[in-house]
Amino acid sequence: MEKEAKIYVAGHRGMVGSAIVRTLEKEGYSNIVVRTSKELDLRNQQAVADFFAQEKPEYVFLAAAKVGGIVANNTYRADFIYENLAIQNNVIHQSYVQQVKKLLFLGSSCIYPKMAPQPLKEDYLLTGTLEPTNEPYAIAKIAGIKMCEAYRTQYGCDFISVMPTNLYGINDNYHPENSHVLPALIRRFHEAKVNNTPEVIIWGTGEPLREFMFADDLGEACVFLMDNYSEEQFINIGVGDDLSIKDLALLIKEVIGYEGTISFDTSKPNGTPRKLMDVQKLHDLGWHHRTNLRDGIALAYQDFLQKK
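Positions within a chain are numbered from 1, following the residues in the order the chain's sequence is written. Given that the model is predicted, a residue must reach a pLDDT of at least 70 before its local features are reported, and side-chain atom pairs must reach 80 or more before they are shown or counted; all residues, however, enter totals for whole chains, interfaces and linings. Where side-chain values are given, they derive from all heavy atoms of the structure, hydrogens and water being excluded.

A word on the environment of Asp 172
Locating Asp 172 in the fold gives a position in the loop between β6 (166-168) and α6 (181-194). Summary of the burial criterion: residues with accessible area below 20% of their type's maximum are buried, those above 50% are exposed, and those between are partly exposed, where the area comes from a 1.4 Å probe applied to protein chains only. Accessibility expressed as a relative area gives 13% for Asp 172, which makes it buried. The spatial distance from the C-alpha of Asp 172 to the C-alpha of Ala 86 is 23 Å, given a sequence separation of 86 residues. In this description, contact between two residues means that some pair of their heavy atoms is separated by no more than 4.5 Å. Not counting chain neighbours up to four residues away, the residues in contact with Asp 172 comprise Met 15, Leu 167, Pro 183 and Asp 303. Runs of E in the DSSP output that reach at least two residues are strands. Runs of H or I that reach at least four are helices, and both are numbered from the N terminus.

See below:
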């Protein structure tokens, strides 16, 4: 990307989009185009067409999506598949219509089959059934990947897809019901500390294994891949190691300074047993994450305190 190129970041106020914007600004890109959801409803086909015709961005980072944790994904199943398909269809198609030089589409690690071998290689897509609780969201993201592949094959568009692991960081969602596990635990341990609650109860057994990446590392990876990757197959973005939800809870408890006990509600769902990304392709290109989990949680907790 040229430093003066017009770059559209869709979803710039979200955790991922804002991290991409911070990276672009830090690296000297000055012509960044953004719109809030009130200014531009990406679900509206005509509105997106008008925006692209007027602005004619040269590069597009598609980080806009309807996202949430297990509860949100399982409760608002129709919303998750409809809204995400609409956003993707509109932005990807108009990027083709207006001859965008390159587009980067952000997927999610939930696209992989529930019982896929670990670590998750890019080749494992569509080799088994999905985790039922987030299947509508996963299907939407798979459709986005396949749409980028199809536009590349049929029209020669330089559209790439990246598949990030579980993310956390600045501008995360800390909603008590609709957030992902790491920000949800930050909020729960903080409130327990403030209220002197003797026990924090966590859903599931604590045994599932998860990989976590600080969002600003993802932002750097996306900008790196926009400059250094151009293949039909999507590429994983992750840190390459994982830990149990129990160990994550203990780490967050320690960072926040909560002194009570932890128990697990085994009547609640665990979700996928393990999700660890194979990041060999990314490492072979020369990119590695920089933020360790403890430091990242501390940064996320400071962000939570400021937002609260």
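As for the UniProt feature "site: Important for catalytic activity" (unreviewed entry) in the protein
UniProt positions are given in the numbering used here, feature names are shortened, and annotations may be inferred rather than shown by experiment. With numbering matched to this structure, UniProt assigns "site: Important for catalytic activity" (unreviewed entry) to Ser 108 and Cys 110. Within the fold, Ser 108 resides in the loop between β4 (102-106) and α5 (135-155). The contacts of Ser 108, once residues within four sequence positions are left out, are Tyr 137, Lys 141, Met 163 and Pro 164. Looking at where Cys 110 falls in the secondary structure, it is placed in the loop between β4 and α5. Cys 110 sits in the buried class, given a relative accessible area of 6%. For Cys 110, the residues in contact, after removing those within four places along its chain, are Leu 130, Asn 134, Tyr 137, Ala 138 and Lys 275.

Points about the packing of helix α1 (residues 15-26) against helix α7 (residues 215-228)
Interaxial angles span 0 to 180 degrees and are taken between N-to-C directions of axes, which are lines fitted to C-alpha atoms, for helices over the stretch in contact. Running from N to C, α1 and α7 cross one another at 60 degrees; their axes reach a closest spacing of 8 Å. One element, α1, and the other, α7, form an angle in the oblique class. α7 is crossed by α1, and the crossing has right-handed handedness. Residues Met 15, Val 16, Ala 19, Ile 20, Arg 22, Thr 23, Leu 24 and Lys 26 of α1 touch α7, and the partners they reach there are Ala 215, Asp 216, Leu 218, Gly 219, Glu 220, Cys 222 and Val 223. Taken together, the residues of the contact of α1 with α7 sort by class into nine nonpolar, two polar and four charged. When an angle is under 35 degrees it counts as roughly parallel; over 145 it counts as roughly antiparallel; between 65 and 115 it counts as roughly perpendicular; any other value is oblique. Note: crossing handedness is left-handed where the near helix turns anticlockwise from the far helix by less than a right angle, and right-handed where it turns clockwise. For this classification, Asp, Glu, Lys and Arg are treated as charged, while Ala, Val, Leu, Ile, Met, Phe, Trp, Tyr, Cys and Pro are nonpolar and the rest, including Gly, are polar.

Quick notes on α7
Expected span, for any helix, means 1.5 Å times one less than how many residues it has. A rise of 1.5 Å per residue sets the reference length of α7, with its 14 residues, at 20 Å; its end C-alpha atoms lie 20 Å apart and thus fit the reference within 8%. Counting buried residues along α7, twelve of its 14 residues qualify, which places the element largely inside the surrounding structure. Along α7, the residues that are buried comprise Ala 215, Asp 216, Asp 217, Leu 218, Gly 219, Glu 220, Ala 221, Cys 222, Val 223, Phe 224, Leu 225 and Met 226.

Remarks on the side chain of Ser 244
In this structure, Ser 244 sits in strand β11 (residues 243-244). With relative accessibility at 12%, the residue Ser 244 sits in the buried group. Sequence-distant contacts of Ser 244, that is, excluding residues within four places in its chain, are made with Gly 206, Glu 207, Pro 208 and Leu 209.

A few points about the sheet that holds strand β1 (residues 7-10)
Being paired, for any two strands, means DSSP has found at least two bridges between them. If you trace the six strands from one edge of the open sheet to the other, you get β2-β1-β3-β4-β5-β10, paired in parallel fashion. In this open sheet, the two edge strands, each paired with only one partner strand, are β2 (32-33) and β10 (235-237). Pairing of strand β5 (residues 159-164) with β10 involves three bridges; the strand directions are parallel. Across the sheet, the residue bridging to Pro 164 is Ile 237, located in β10. Sheet strands in contact with helix α4 (residues 77-97) are β3 (59-62), β4 and β5, and its direction is about 170 degrees off that of β3.

With respect to the environment of Lys 102
Counting through the fold element by element, Lys 102 comes out in strand β4. Look past the residues within four positions of Lys 102 in its chain and what remains in contact with it is Glu 58, Tyr 59, Val 60, Asp 158, Ile 160, Leu 225, Met 226, Tyr 229 and Ser 230.

Notes on the pattern of salt bridges
We define a salt bridge as a contact between a side-chain nitrogen of Lys or Arg and a carboxyl oxygen of Asp or Glu at a distance within 4 Å. Here the structure, examined in full by the defined rule, presents 17 salt bridges. Linking Asp 41 and Arg 43 is a salt bridge whose minimum nitrogen-to-oxygen distance equals 3.0 Å. On the accessibility criterion, Asp 41 (30% relative accessible area) is partly exposed. Taking relative accessible area as the criterion, Arg 43 reaches 39% and is therefore assigned partly exposed. One continuous salt-bridge network, built from bridges that share partners, spans Glu 2, Glu 58 and Lys 101.

Regarding the state of the cysteines
Any two cysteine sulfur atoms within 2.5 Å of one another count as a disulfide. For the structure shown, the criterion picks out zero disulfides. No disulfide involves Cys 148; its nearest neighbouring cysteine sulfur is the one of Cys 157, lying 9.1 Å away. Owing to a relative accessible area of 1%, Cys 148 belongs among the buried residues under this scheme. Cysteine Cys 222 shares no disulfide, and the gap to the nearest cysteine sulfur, in Cys 148, comes to 13 Å. Using a relative accessible area of 0% as the deciding quantity, one classes Cys 222 as buried.

Quick look at the sheet that holds β11
The three strands are arranged β11-β8-β13 in an open sheet whose pairing can be described as mixed. Edge strands, defined here as strands with exactly one partner in the open sheet, are β11 and β13 (274-275).

Describing the packing of helix α2 (residues 45-55) against α4
One way to put it is that α2 packs onto α4 with a least axis distance of 9 Å and a crossing angle of 35 degrees. Relative to α4, α2 is oriented so that their crossing is right-handed. Note on element contacts: α4 touches α2 through Asn 90, Val 91, Gln 94 and Ser 95, opposite Gln 45, Val 48, Ala 49 and Phe 52. Counted by class, the contact of α2 with α4 contains four nonpolar, four polar and no charged residues.

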